[in-house]
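Report on the structure
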Amino acid sequence: MQTRRQAYRQGAKDAFPSVIGLIPFGLIVGTASTAAGMDPWLALAMSIIVYAGASQLAAIGLMVQSAPLAIVLATVLVVNLRFVMYSASLAPFFRQLSTGRKWLLSYALTDHLFALVNARFTPDGCHKHVDAYYIGGAVPTWLMWNAMVAIGIFAGTLVPKQWSLDFAIPLVFLALVFPALTTRTHWITAGAALVAAFFTAGLPMKLGLITAAFVAVSIGTWLDYRQELEKRIAR
Amino acid sequence: MSIAADWYGVVTVVGAGLVTVAARASFIVLPARTAVPAWLRRALKFVAAAVLPALILPDVLFRDLGPQEIVNIYRIAAALCAAWVAWRTRNIFATLGVGMAVLWLLKLIGPL
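Keep in mind the model is a prediction, meaning the values are calculated, not measured.

1. As for the pattern of salt bridges
By the definition in use, this model includes nine salt bridges over all chains. R82 of chain A is the salt-bridge partner of D111 of chain A, the closest N and O atoms lying 2.7 Å from each other. Taken together, the residues D111 of chain A in helix α7 (residues 111–120) and R82 of chain A in helix α5 (residues 82–90) connect sequence positions 29 residues apart. Taking relative accessible area as the criterion, D111 of chain A reaches 30% and is therefore assigned partly exposed. In this structure, D224 of chain A engages R42 of chain B in a salt bridge whose closest nitrogen and oxygen atoms are separated by 2.8 Å. Placement of the pair is D224 of chain A in helix α11 (residues 208–234) and R42 of chain B in helix α2 (residues 38–44), with the two residues belonging to separate chains.

Dropping the structure here:
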């Protein structure tokens, strides 16, 4: 990647498999918003403005039940907290860029882009043209995502309600959860989240998700901290 | 039930966008010396494992209930099949396909 042009192209090339992988998820988010009775233009605006599938689905689920604004925003923040982690790990690559460019690149950040940049560059090594590489991957990702959501939104109007397409939302989350369960502590965290979600499902103002997530993250963090202490003592 | 493009819809969507871009930009736009606190780094490791199950459970158990139902038996059965497929294959297509197929089959032939 000697020139910027080559970096753009390499980014697009590396992003290709994940861009194809966006097709079903984007279609589902589009159809699910229509299935929830969301205004099609609002749904498309959400896809462009928020640009984060899992949190879009979570927000739609709450908005259809007229949950208070603060609860929807808190839920979106919780679902998107992983971006804080990505942001911390990508920050060294973008140091030299202007503030405006930093915001623009931040807006386009996705799970896949984060993984791609981390696979090809190291903060200490040479990362010339890393922003060009990033944009090369970000542009097709953005175009594919929003095109698929748009198609889903308008295709969704053709699907009868009896098909229960809203069930696709928890199914997508199911497909996403297992790769996140890497250790025993993660499994315990997930189990705690299920139990907590069951008992908080009836909470007013749709507070259940945030409460359950907070309880489970606390349990996971505490177990992890204790394990590290034990390791330190054993040494 | 619907979500109109009224003030609630528009403000919520714009707010969700601001919250999301803030999360994404956080450490990229903060001054270089800002480090992630140790407790936050530890907690962030468990966010996905906590949030996703908490999102899944109410959508499976308590949606689309019949007049006599406390939990949605068909959805639970379909979700268990889909969970097994997701665990074995890690494939989003297969998970969706099996989950929807089991739900449709149960709705078609089930007694409820």
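2. Quick look at the environment of G17 of chain B
Checked against the element boundaries, G17 of chain B lands in helix α1 (residues 7–29). Counting along the chain gives 43 residues from G17 of chain B to V60 of chain B, while the straight-line C-alpha distance between them is 27 Å. Beyond its immediate sequence surroundings of up to four residues, G17 of chain B is in contact with I49 and V50 of chain A.

3. Regarding the environment of L27 of chain A
All names here are of chain A. Summarising the element assignment, L27 is placed in helix α1 (residues 4–35). Given the relative accessible area of 30%, L27 is considered partly exposed. It is 5.2 Å that separates the C-alpha atoms of L27 and V149, two residues lying 122 residues apart in sequence. Sequence-distant contacts of L27, defined by excluding residues within four places in its chain, comprise M148, I151 and G152.

4. Topic: the interface of chain B and chain A
On the side of chain A, 85 residues touch chain B, which itself brings 66 residues to the contact. Both sides of the chain B and chain A interface together cover about 6,900 Å² of buried area, and 78% of this is carbon and sulfur. For the pair chain B and chain A, the interface holds three salt bridges. Ionic pairing is found between D224 of chain A and K45 of chain B, a salt bridge with its closest N-O pair at 3.0 Å. At the boundary of chain B with chain A, the tally comes to 17 residue pairs in polar contact (both at pLDDT 80 or more).

5. Describing unusual backbone geometry
Residue and element names in this part refer to chain A. In this structure, Y51 takes a positive phi of about 55 degrees despite not being glycine. Residue placement: Y51 occurs in the loop between α2 (40–50) and α3 (53–63). In this model, H129 sits at a positive phi of 60 degrees, which is unusual for a non-glycine residue.

6. Structural notes on the domain arrangement of chain A
All names here are of chain A. For chain A, the domain assignment lists domain 1 (4–165) and domain 2 (181–235). For domain 1 versus domain 2, the separation of C-alpha centres amounts to 26 Å. Listed per partner, the contact involves eight residues of domain 1 and six residues of domain 2. Taken over both partners, the interface formed by domain 1 and domain 2 buries close to 590 Å², and the fraction arising from carbon and sulfur atoms is 84%. One can count zero salt bridges joining domain 1 with domain 2. Where domain 1 packs against domain 2, one counts zero residue pairs in polar contact (both at pLDDT 80 or more). Here the side of domain 1 that touches domain 2 takes four residues from helix α4 (residues 69–79), the largest share from any one element.

7. Here's the deal with the side chain of N146 of chain A
One can find N146 of chain A in helix α8 (residues 130–156). Discounting chain neighbours no more than four positions away, the residues touching N146 of chain A are L44, S47, I48 and Y51 of chain A.

8. Describing helix α10 (residues 184–200) of chain A
Spanning 17 residues, α10 of chain A covers 24 Å between terminal C-alpha atoms, matching the ideal 24 Å at 1.5 Å per step. On its buried face, α10 of chain A sits against α9 (168–180) and α11 of chain A together with α3 (47–61) of chain B.

9. So, the layout of surface pockets
Leftover empty space is mapped by rolling, across the atoms, a probe with the size of a water molecule. For the largest pocket, the calculated volume is near 1,100 Å³. Around the largest pocket, the lining is made up of 39 residues, and of these R82, Y86, D111, H112 and L176 of chain A lie nearest the centre. Among the secondary structure elements, those contributing two or more residues to the lining of the largest pocket are α1, α3, α5, α7, α8 and α9 of chain A together with α2 and α3 of chain B. Tallied by class, residues from the lining of the largest pocket come to 25 nonpolar, eight polar and six charged. The calculated volume of the second largest pocket comes to roughly 650 Å³. Around the second largest pocket sit 23 residues that line it, and A35, A36, V64, K161 and D166 of chain A are the ones nearest its centre. Broken down by element, the residue count for the lining of the second largest pocket peaks at three residues, all from α3 of chain A. The residue makeup of the lining of the second largest pocket, split by class, is 11 nonpolar, six polar and six charged.

10. Let's talk about the packing of α9 of chain A against α3 of chain B
Across the interface, α9 of chain A lies against α3 of chain B with an axial gap of 9 Å and an inter-helix angle of 155 degrees. Of the possible angle classes, the one that applies to α9 of chain A and α3 of chain B is roughly antiparallel. The handedness of the crossing between α9 of chain A and α3 of chain B is left-handed. Residues I169, P170, F173, L174, L176, V177 and A180 of chain A of α9 of chain A touch α3 of chain B, and the partners they reach there are A48, A49, L52, P53, L55, I56, D59 and V60 of chain B. The residue makeup of the contact of α9 of chain A with α3 of chain B, split by class, is 14 nonpolar, no polar and one charged.

About the criteria used
Residues numbered from 1 in each chain as written. Chains lettered and ligands numbered in written order. Predicted model: local features only at pLDDT ≥ 70, side-chain atom pairs only at ≥ 80, totals over all residues. Heavy atoms only, no water. Salt bridge = Lys/Arg side-chain N within 4 Å of Asp/Glu carboxyl O. Helix = DSSP H or I, 4+ residues; strand = E, 2+ residues; numbered from the N terminus. Buried < 20%, exposed > 50% of the residue type's maximum accessible area, 1.4 Å probe, protein only. Contact = heavy atoms within 4.5 Å. Buried area = accessible area lost by both parts, 1.4 Å probe. Polar contact = N/O pair within 3.5 Å; in protein donor to acceptor, adjacent residues only side chain to side chain. Domains from an automatic or database assignment. Expected span 1.5 Å × (residues − 1). 1 Å grid on protein atoms, 1.4 Å probe; cavity = no way out; pocket = protein on both sides within 12 Å on 5 of 7 lines; lining within 4 Å. Points joined across faces, edges and corners; volume = space filled by probe spheres on them. Nonpolar A, V, L, I, M, F, W, Y, C, P; charged D, E, K, R; others polar. Axes fitted to C-alpha atoms, helices over the stretch in contact; angles between N-to-C directions. Parallel < 35°, antiparallel > 145°, perpendicular 65-115°, else oblique. Left-handed = near helix turned anticlockwise from the far one by under 90°.

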